[in-house]
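Report on the structure
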Amino acid sequence: MRPQLSHLRALESEAIHVMREVAAEFERPVLLFSGGKDSIVLLRLAEKAFRPAPFPFPLMHVDTGHNFPEVIEFRDRRVEELGERLIVASVQESIDSGRAVEETGPRASRNRLQTVTLLDAIAEHGFDAAFGGARRDEERARAKERVFSFRDDFGQWDPKNQRPELWNLYNGRIRKGENVRVFPLSNWTELDVWEYIDQEQLEVPSIYFAHERKVFSRDGMLYAWRPGTELIDGEEVFDDTVRYRTVGDMSCTGGVRSEASTLAEVVLEIAATRVTERGETRADDKVTEAAMEDRKKAGYF
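Residues numbered from 1 in each chain as written. Predicted model: local features only at pLDDT ≥ 70, side-chain atom pairs only at ≥ 80, totals over all residues. Heavy atoms only, no water.

Before going further, it helps to examine the pattern of salt bridges. As enumerated under the stated definition, the model contains 29 salt bridges in all. R78 is paired through a salt bridge with E81; the nearest N and O atoms lie 3.2 Å apart. You can see R78 and its partner E81 sitting in helix α3 (residues 69-82), three residues apart, about one turn around the helix. Overall, the relative accessible area of 18% leaves R78 in the buried class. Its relative accessible area of 49% is what places E81 among the partly exposed residues. Via salt bridges that share partners, R9, E12, R44, E47, K48, E73, R77, R78, E81, E200 and E203 belong to a single interconnected network. (Salt bridge = Lys/Arg side-chain N within 4 Å of Asp/Glu carboxyl O. Helix = DSSP H or I, 4+ residues; strand = E, 2+ residues; numbered from the N terminus. Buried < 20%, exposed > 50% of the residue type's maximum accessible area, 1.4 Å probe, protein only.)

And the structure:
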């Protein structure tokens, strides 16, 4: 009798298959690596898919300039340990060149400015496929997306015009100027990701664990305070014990009160929650009901 794959090993096998398909079908893929938990899992999957050879693609981070310092330190150290090439696409450079316009005011965020920076970097380097760590359980627009998400020569996504993916067969044919976003973790959940990290004993940035931090409360979310943060009347900075379920621009990523300080405790906490990570901690997804879908149609990953 053939042994059955465990749930996590089945997901791992599917994701490795997707990564190898992309490496075989496309000429210039790239893996988007932010230093967040999902891209950390992608790195481990890439190791299992291609080691002992180097990755057949570089890594790239779209850096807003307002990222958590702990995550940037982890990103650089992890890339150095792997001996892989990292491309940093800078939102600040997009602003300086006039390609993006800086938002102002206490609710200003650079997160939405990442789209033009990403599209410019894809065009500059000629990438025809970009791995991302998105999962279908994150947000409603994500749930509409296939593993191979095709983008036209403007980088735009049309949710009504997607290719079928029957029997795990992926059609990677594209025309000049088009590209594909590839999501090997599409069928994973947040809990799957954390269980896999725990099973593989992967290192993650310290902000994923409970720690004391200066924060302020806005719209029901706890935001990290940093020098230069513009507060709204009535807001006060205070110390609290928080951790982060997702990492992004500090201006729009909220923390959650937590005492989870180990991988096992994080797994238990995620197993008990009934609110998605973006629904609880990402302000940029609450601008409108279709905020994420609108950004994806414009070229966001």
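Moving on to the packing of aromatic side chains. This structure, assessed with the given rule, holds 10 aromatic pairs. Taken together, a centroid distance of 5.2 Å and an interplanar angle of 80° make the contact between W194 and Y208 edge-to-face. In this pair, W194 sits in helix α7 (residues 190-200) while Y208 sits in the loop between α7 and β7 (211-218), placing the two residues 14 residues apart along the sequence. Comparing W194 with Y208 shows no difference in burial state: the two are buried. Among the aromatic residues, ring-to-ring pairing joins F26, F148, F150 and Y170 into one connected group. The ring of F150 has R163 sitting right over it, with the charged end atom 3.7 Å from the ring centre. (Phe/Tyr/Trp six-rings, centres within 6.5 Å; stacked < 30°, edge-to-face > 60°. Lys NZ or Arg CZ within 6 Å of the ring centre and 35° of its normal.)

Turning our attention to helix α1 (residues 7-25). Over its 19 residues, α1 extends 27 Å from the first C-alpha to the last, a length consistent with the 27 Å expected when each residue adds 1.5 Å. Those residues of α1 that fall on the buried side of the exposure criterion are L8, L11, E12, E14, A15, I16, V18, M19 and V22. Where α1 is buried, its residues touch β1 (29-32), α2 (37-50), β4 (129-131), β5 (148-151), β6 (179-182) and α7. (Expected span 1.5 Å × (residues − 1). Contact = heavy atoms within 4.5 Å.)

Before going further, it helps to examine the sheet that holds strand β8 (residues 221-224). With antiparallel pairing, four strands are arranged side by side around a closed barrel as β7-β8-β10-β9. With strand direction ignored, the average angle separating the axes of adjacent strands in the sheet is 70°. Across four bridges, β7 lies against β8 in antiparallel orientation. Bridge pairing in β8 places S217 opposite L222. (Pairing = 2+ DSSP bridges. Axes fitted to C-alpha atoms, helices over the stretch in contact; angles between N-to-C directions.)

All right, on to the pairing of strand β3 (residues 86-90) then. For a regular strand, side-chain orientation follows a simple rule: the groups alternate between the two sheet faces. Alignment of strand β2 (residues 59-63) against β3, held across five bridges, turns out to be parallel. Pairing of V62 across the sheet is with A89, part of β3.

Below, the discussion takes up the environment of E178. When you line up the elements, E178 lands in the loop between β5 and β6. Linking E178 and F127, residues 51 residues apart in sequence, is a C-alpha distance of 9.4 Å. Those residues within four positions of E178 in sequence are excluded, and the remaining contacts are R151, D152 and D153. Polar side-chain contacts of E178 include one of 2.7 Å to the backbone nitrogen of R175. (Polar contact = N/O pair within 3.5 Å; in protein donor to acceptor, adjacent residues only side chain to side chain.)

Segmenting the protein chain into domains produces domain 1 (7-192 + 290-297) and domain 2 (205-285). Of note, the centres of domain 1 and domain 2, computed from C-alpha atoms alone, are 23 Å apart. With 31 residues of domain 1 at the contact, the number on the domain 2 side is 30 residues. Of the roughly 2,500 Å² buried at the junction of domain 1 and domain 2 (both faces included), carbon and sulfur atoms supply 52%. Summed over the three residues of domain 1 that lose the most area to domain 2, namely F68, P106 and E190, the buried surface amounts to 27% of that side. Where domain 1 packs against domain 2, one counts three salt bridges. (Domains from an automatic or database assignment. Buried area = accessible area lost by both parts, 1.4 Å probe.)

With that settled, the discussion passes to the side chain of R75. By the element assignment, R75 lies in helix α3. A distance of 2.8 Å separates polar atoms of two side chains, one belonging to R75 and the other to D76. Each residue touching R75, except ones within four places of it in the same chain, is listed here: F33, H61, D63, L86 and V88.

A word on the packing of α1 against α2. With their axes 9 Å apart at the nearest point, α1 and α2 run at an angle of 70° to one another. By the criterion of interaxial angle, the relationship of α1 to α2 is roughly perpendicular. Along its contact with α1, which presents R9, E12, A15, I16, M19, R20 and A23, the element α2 presents L42, L45, A46, K48, A49 and F50. Looking at side-chain class alone, the contact of α1 with α2 contains nine nonpolar, no polar and four charged residues. (Parallel < 35°, antiparallel > 145°, perpendicular 65-115°, else oblique. Nonpolar A, V, L, I, M, F, W, Y, C, P; charged D, E, K, R; others polar.)

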